[in-house]
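Inside the fold
Residue strings, one per chain:
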Amino acid sequence: MKNILASVAALVLAACSYDFTNPADSLGAGQITGRTVIASGGGSTFVAAPGVGVALQNSPFDQVTRETGRFTLLGLPAGRHTVLFRQGASLALQRDVDVFYGPDGQPEGVFLGDVRLRLTVTLQGTFTLPAPPAGGAFDGATATWRVEDEVTGAVAALASGPAAGQVAWTFFGLPVGPHRIRFAVSGTLLDPILGSVPVTYIGGPLSITVAETSEGQVLTMNPVPLQRAAATPGKLRFRIAAVGAGAVDPSSASVFLSPPPPPTANLTPDSTGLVEVDLPEGLYTLDISPPFVDHPPGTQPTFLQPPPQRTVVVGAAQTTDLGTVYAVSDSVAIAESVFCVQDADCAPGICSGGACVGWTPPPVASPRVPFCGSAVEAVARCSASCVRCPSGFGTCLPNGADWVCLPDGAPSCTPDGLTVVSSGC
């Protein structure tokens, strides 16, 4: 018995009636499927939204909704999964989906039905570093600046604040719902007595739940003071899962942190893939090598794409919980990207054997790609690429005839939610 979370009526588009009914019994184990829709006619009706970026948070793979708005995730394990949706800079959604075990001991399929995209919100505010010692200074030009939403993984664009010593942060294109903002700045303190001293400043978390009634709004948060990282440890928690690899021992995955943790820190996942480790307060880069996948002689090996690299902020006496991070097999990634049920999904192509033929996904930036800071920087024009942006936060990159400001620690960014600018630095 599969889990039906929503029922869907026939959708009328361009005078054509598309049947989007998907009986629960037709869903595979751990399959999540639905259709993205947007409000039309003053909000009284809803129409399918093709060309929407869909990403499983902390996963290396994303997809684009079909011509009927259909999306499908395959082979997910039991547990809670966060799915991110984004269309351009104006529409987005985050959805937590619970997959349960069925009577047969396998993860049930989940049919979401219509998934309505809502207008995005802009979150903004300022933070301030502690004053340096008399005669000293903080070398901000070589520092790493990081403001991120722990819930969605989004990264903020930064600029000089309205007052001396302030830094302004802005999240563009966030979905309504919960957000938990963490702040970290890692650099060098020029001390008149001690000389050059490595230092990290930490702030947050700033927790907020954006109501659906606030969609489309710009919300300004209270200023956040940052403090020098304390010796008191915090906790980092996440669970490693493999998708599309059959029976895999998640404890065979390898976890790497930079800077390296103390020798006493245990980064080995347990038998369920859980990693829970105490770390000194600070800013870390997390890399994970996928679990080992064994295969019998004469069978094709399964290749797992590793979870994307992620920067995390660990606060003293706090828990930074990333949820589940996923290694995904190439075969599942390909199947998800072209999965279909009917020809209408693939127009002007056809659906053959559950895969679109003759349909090319439109270019869409993944919901995992952060927005560039050009809107905050005004016109971030530089004399050369791969140098600091005019305000000193992030890196300047050419974007056609213009420039964008790539946030620190991000490999790519999008100025509009559609195109992607990647770092070659």
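Below is a summary of the structure that appears in this document. (Residues numbered from 1 in each chain as written. Predicted model: local features only at pLDDT ≥ 70, side-chain atom pairs only at ≥ 80, totals over all residues. Heavy atoms only, no water.)

1. Quick word on the sheet that holds strand β12 (residues 118–119)
- The strand order across the open sheet built from five strands is β7-β6-β9-β10-β12, with neighbouring strands paired in antiparallel fashion. Sheet topology places β7 (62–64) and β12 at the edges, where each strand pairs with a single neighbour.
- Inspection of the sheet shows strand β10 (residues 91–99) paired to β12 by two bridges, in the antiparallel sense. Along β12, the bridge assignment pairs A92 with R118. (Pairing = 2+ DSSP bridges. Helix = DSSP H or I, 4+ residues; strand = E, 2+ residues; numbered from the N terminus.)

2. Considering the side chain of D149
- Residue position: D149 is located in strand β14 (residues 137–149).
- Within the buried core, D149 has no salt-bridge partner, and the shortest N-O distance to an opposite charge, that of R180, equals 6.7 Å.
- In terms of polar contacts, D149 uses its side chain to reach the side chain of H179, at 2.7 Å.
- From its side chain, D149 meets the backbone nitrogen of R180 in a polar contact 2.9 Å long.
- Once residues lying within four places of it in the same chain are set aside, the contact partners of D149 are A154, F171, L174, H179, R180, I181 and R310. (Buried < 20%, exposed > 50% of the residue type's maximum accessible area, 1.4 Å probe, protein only. Lys, Arg positive; Asp, Glu negative; His and termini not counted. Salt bridge = Lys/Arg side-chain N within 4 Å of Asp/Glu carboxyl O. Polar contact = N/O pair within 3.5 Å; in protein donor to acceptor, adjacent residues only side chain to side chain. Contact = heavy atoms within 4.5 Å.)

3. A look at the environment of R368
- Along the chain, the position of R368 falls in the loop between β30 (355–357) and β31 (395–399).
- The exposure class assigned to R368 is partly exposed, which follows from its relative accessible area of 29%.
- Sequence separation of R368 and Q87 is 281 residues, and the distance between their C-alpha atoms is 12 Å.
- Side-chain polar atoms of R368 contact the backbone oxygen of S59, separated by 3.2 Å.

4. Some details on empty space enclosed by the protein
- Evaluated as defined, the whole model comprises three cavities of 30 Å³ or more.
- Estimates place the volume of the largest cavity at around 200 Å³.
- For the largest cavity, the lining is made up of 19 residues, of which R86, A154, G173, L174 and P367 are closest to its centre.
- Among the elements of the structure, β9 (79–87), β10 and β16 (166–174) are those that each provide at least two residues to the lining of the largest cavity.
- For the lining of the largest cavity, the leading source of residues is β16, giving four residues.
- In the lining of the largest cavity, the residues fall into 14 nonpolar, three polar and two charged. (1 Å grid on protein atoms, 1.4 Å probe; cavity = no way out; pocket = protein on both sides within 12 Å on 5 of 7 lines; lining within 4 Å. Points joined across faces, edges and corners; volume = space filled by probe spheres on them. Nonpolar A, V, L, I, M, F, W, Y, C, P; charged D, E, K, R; others polar.)

5. Describing the environment of S186
- By the secondary structure assignment, S186 is in strand β17 (residues 177–191).
- In this structure S186 comes out as partly exposed when scored by relative accessible area, which is 26%.
- Separated by 84 residues in the primary sequence, S186 and D270 place their C-alpha atoms 31 Å from one another.
- Those residues within four positions of S186 in sequence are excluded, and the remaining contacts are A143, T144, V199, T200 and L283.
- Polar side-chain contacts of S186 include one of 3.4 Å to the side chain of T200.

6. Details of the side chain of S366
- Inspection of the secondary structure puts S366 in the loop between β30 and β31.
- By relative accessible area, which is 7% here, S366 ends up buried.
- Separated by 3.3 Å, the side chains of S366 and D62 make a polar contact.
- In contact with S366, not counting residues within four places along its chain, are A55, D62 and R86.

7. Here's the deal with the layout of surface pockets
- If you add up the space inside the largest pocket, you get close to 500 Å³.
- Sorting the residues of the lining of the largest pocket by element identifies β14, β25 (282–289) and β27 (310–314) as the ones contributing at least two each.
- Residues belonging to the lining of the largest pocket are distributed by class as follows: twelve nonpolar, eight polar and five charged.

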